[in-house]
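# Structure at a glance
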Amino acid sequence: MASFRTWHCLLAFSLLASAVSGQLSSTFYATSCPTLELIVRATVIRALVAERRMGASLVRLFFHDCFVQGCDGSILLDDVGSFVGEKGAGPNVNSVRGFDVIDQIKATVELICPGVVSCADIVALAARDSTFLLGGPNWAVPLGRRDSTTASQSQANNDLPAPTSSLAALISAFGNKGLSARDMTALSGAHTIGFSQCQNFRDHIYNDTDVDAAFATLRRRACPAAPGSGDTNLAPLDAQTQFVFDNAYYRNLLVRRGLLHSDQELFNGGSQDALVRQYSANPALFASDFAAAMIKMGNIGPLTSAGQVRANCRVVNSS
């Protein structure tokens, strides 16, 4: 019994030391929850088998979490009573998905390692596993985040870049989060998987000039010109390999087949043209830069001493 208490004291001291240092570590749960990454990967595999599109949704969930208050799991919080979360924000409502997968992971983790693993870290791991399982790069995810007790719908509305963004607006939005233009262009490559709604690309295929005519005609078939008609109809962000994480997204940009206005802005006579060409010709360079940018994004404002480890990712722990 004494040795058991001693082990718990050492574990608590180790976790406290990591929190005080404010540093994330890929080995943060090595002792306190050694099976964590196996649980996450197994659950993500099941989710992808059930619906391959879910991989892109889990990557996007991480992005939408980190850009609002930092990578703190705030996007997972439901509106409860007077509490207003981020799910109802314009960029998220009826769009951001994957919450059920995070719930499944959390429920399993709580059975094995109760009160130890944050929802924010689960989101980060699920994004990495989704990328890797769809053919993209693998990387060691820095861990040790805690969960926020607050959310900001206004920040979600203001800080998440819109699909209509110009290149300057994209560079500014990412720069405000400490991410470079190169990081932005690499992270945009996540659009090599997944789908977008008609309302997000309608203006691009009907009104922009930097779009291939045949591509625009194809996309118009499922996206009527009139707003309010077919708004939620889906089209693949990468028509070639929407379920494979590769560099086809950049090759599409070279021939003006970016689905969103903001996609094609990366290759439209601006500062990122040369990098887009590099990524289109060198998949290894893209994979390396994407992994590095995901790690960098995961370091946006993590809570390492404040916050809590939520028992249920959708609600703040009761006091």
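All of these numbers come straight from a predicted model, not from anything done at the bench.

## A closer look at the overall build of the chain
When helices and strands are counted, the chain shows 14 helices and two strands. Computed over the C-alpha atoms, the radius of gyration of the chain is 20 Å, within 12% of the 20 Å expected from 2.2 N^0.38 for a compact globule of 319 residues. Summarising its shape, the C-alpha atoms of the chain cover approximately 75 × 45 × 35 Å along the three principal directions. The proportion of buried residues among the 319 residues of the chain is 49%. Nonlocal contacts in the chain, meaning residues at least 24 apart in sequence, comprise 75% of its contacts between residues at least 6 apart. A total of about 13,600 Å² of accessible surface is found on the chain, and carbon and sulfur atoms cover 56% of it. In the chain, 25 side chains carry a positive charge and 26 a negative one; their mean positions are 4 Å apart.

## A short note on the environment of G194
Residue position: G194 is located in the loop between α8 (181-188) and β1 (195-197). Sequence separation between G194 and F245 is 51 residues; the distance between their C-alpha atoms is 9.6 Å.

## Description of empty space enclosed by the protein
Taken as a whole, this structure holds one cavity of 30 Å³ or more when the rule is applied. Considered as a void within the structure, the largest cavity measures approximately 50 Å³ in volume. Lining of the largest cavity is provided by F62, A124, A127, R128, W139, V141, P142, R145, M294, I295 and G298. Listing elements by their share of the lining of the largest cavity, those giving two or more residues are α5 (119-133) and α14 (283-297). A per-element tally of the lining of the largest cavity places α5 first, with three residues. Tallied by class, the residues present in the lining of the largest cavity amount to eight nonpolar, one polar and two charged.

## Concerning the confidence of the model for the chain
Mean pLDDT for the chain: 93, with 93% of residues reaching 70 or above. Here residues 1-21 scores under 50 on pLDDT; set against residues more than four positions off or in separate chains, the count is nine contacts.

## What about the side chain of S118?
Inspection of the secondary structure puts S118 in the loop between α4 (99-112) and α5. Among residues more than four places away in sequence, those in contact with S118 are Y29, R145, R146, D147 and V309.

## A look at the UniProt feature "site: Transition state stabilizer" (unreviewed entry) in the chain
Per the UniProt record, "site: Transition state stabilizer" (unreviewed entry) is found at R60. Residue placement: R60 occurs in helix α3 (residues 54-66). When sequence neighbours within four positions are dropped, the list of residues in contact with R60 reads P91, S95 and V96.

## Topic: the UniProt feature "binding site: substrate" (unreviewed entry) in the chain
In the numbering used here, UniProt assigns the "binding site: substrate" (unreviewed entry) feature to P161. For P161, a relative accessible area of 22% puts it in the partly exposed group. With residues near it in sequence (within four places) discarded, P161 still touches F63, F67, L170, A173 and F174.

## Points about unusual backbone geometry
You will see that Q69, though not glycine, has its phi angle at about 70 degrees, which is positive. Within the element layout of this structure, Q69 appears in the loop between α3 and α4. A positive phi angle, near 60 degrees, is found at R256, a position not held by glycine. Looking at where R256 falls in the secondary structure, it is placed in the loop between α11 (248-254) and α12 (261-264).

## Description of the pattern of salt bridges
Taken as a whole and judged by the stated rule, the model has 15 salt bridges. Measuring nitrogen to oxygen at the nearest pair gives 2.8 Å for the salt bridge that ties E37 to R128. Of this pair, E37 sits in helix α2 (residues 36-50) while R128 sits in helix α5, and the two are 91 residues apart along the sequence. Taking the relative accessible area as the measure of exposure, E37 reaches 32% and is therefore partly exposed. Ionic pairing is found between D103 and R314, a salt bridge with its closest N-O pair at 2.6 Å.

## As for the packing of aromatic side chains
Enumeration over the complete set of coordinates arrives at 13 aromatic pairs. For the pair F67 and F174, a centre-to-centre distance of 5.0 Å together with 65 degrees between the ring planes defines the contact as edge-to-face. In this pair, F67 is assigned in the loop between α3 and α4 and F174 in helix α7 (residues 167-175), connecting sequence segments 107 residues apart. The pair F67 / F174 is uniform in exposure class, with both members buried. Relative to F286, the ring of F245 has its centre 5.8 Å away and its plane inclined at 5 degrees; by these criteria the two rings are stacked. Residue F245 is found in the loop between β2 (234-236) and α11, and its partner F286 is found in helix α14; the two are separated by 41 residues along the sequence.

Criteria and cut-off values
- Residues numbered from 1 in each chain as written.
- Predicted model: local features only at pLDDT ≥ 70, side-chain atom pairs only at ≥ 80, totals over all residues.
- Heavy atoms only, no water.
- Helix = DSSP H or I, 4+ residues; strand = E, 2+ residues; numbered from the N terminus.
- Rg over C-alpha atoms; globule rule 2.2 N^0.38 Å.
- Buried < 20%, exposed > 50% of the residue type's maximum accessible area, 1.4 Å probe, protein only.
- Contact = heavy atoms within 4.5 Å.
- Areas by Shrake-Rupley, 256 points an atom, 1.4 Å probe, with all protein chains shown as cover.
- Lys, Arg positive; Asp, Glu negative; His and termini not counted.
- Charge placed at Lys NZ, Arg CZ, Asp CG, Glu CD.
- 1 Å grid on protein atoms, 1.4 Å probe; cavity = no way out; pocket = protein on both sides within 12 Å on 5 of 7 lines; lining within 4 Å.
- Points joined across faces, edges and corners; volume = space filled by probe spheres on them.
- Nonpolar A, V, L, I, M, F, W, Y, C, P; charged D, E, K, R; others polar.
- pLDDT = per-residue confidence, 0-100.
- UniProt positions renumbered as here; feature names shortened; annotations may be inferred.
- Salt bridge = Lys/Arg side-chain N within 4 Å of Asp/Glu carboxyl O.
- Phe/Tyr/Trp six-rings, centres within 6.5 Å; stacked < 30°, edge-to-face > 60°.

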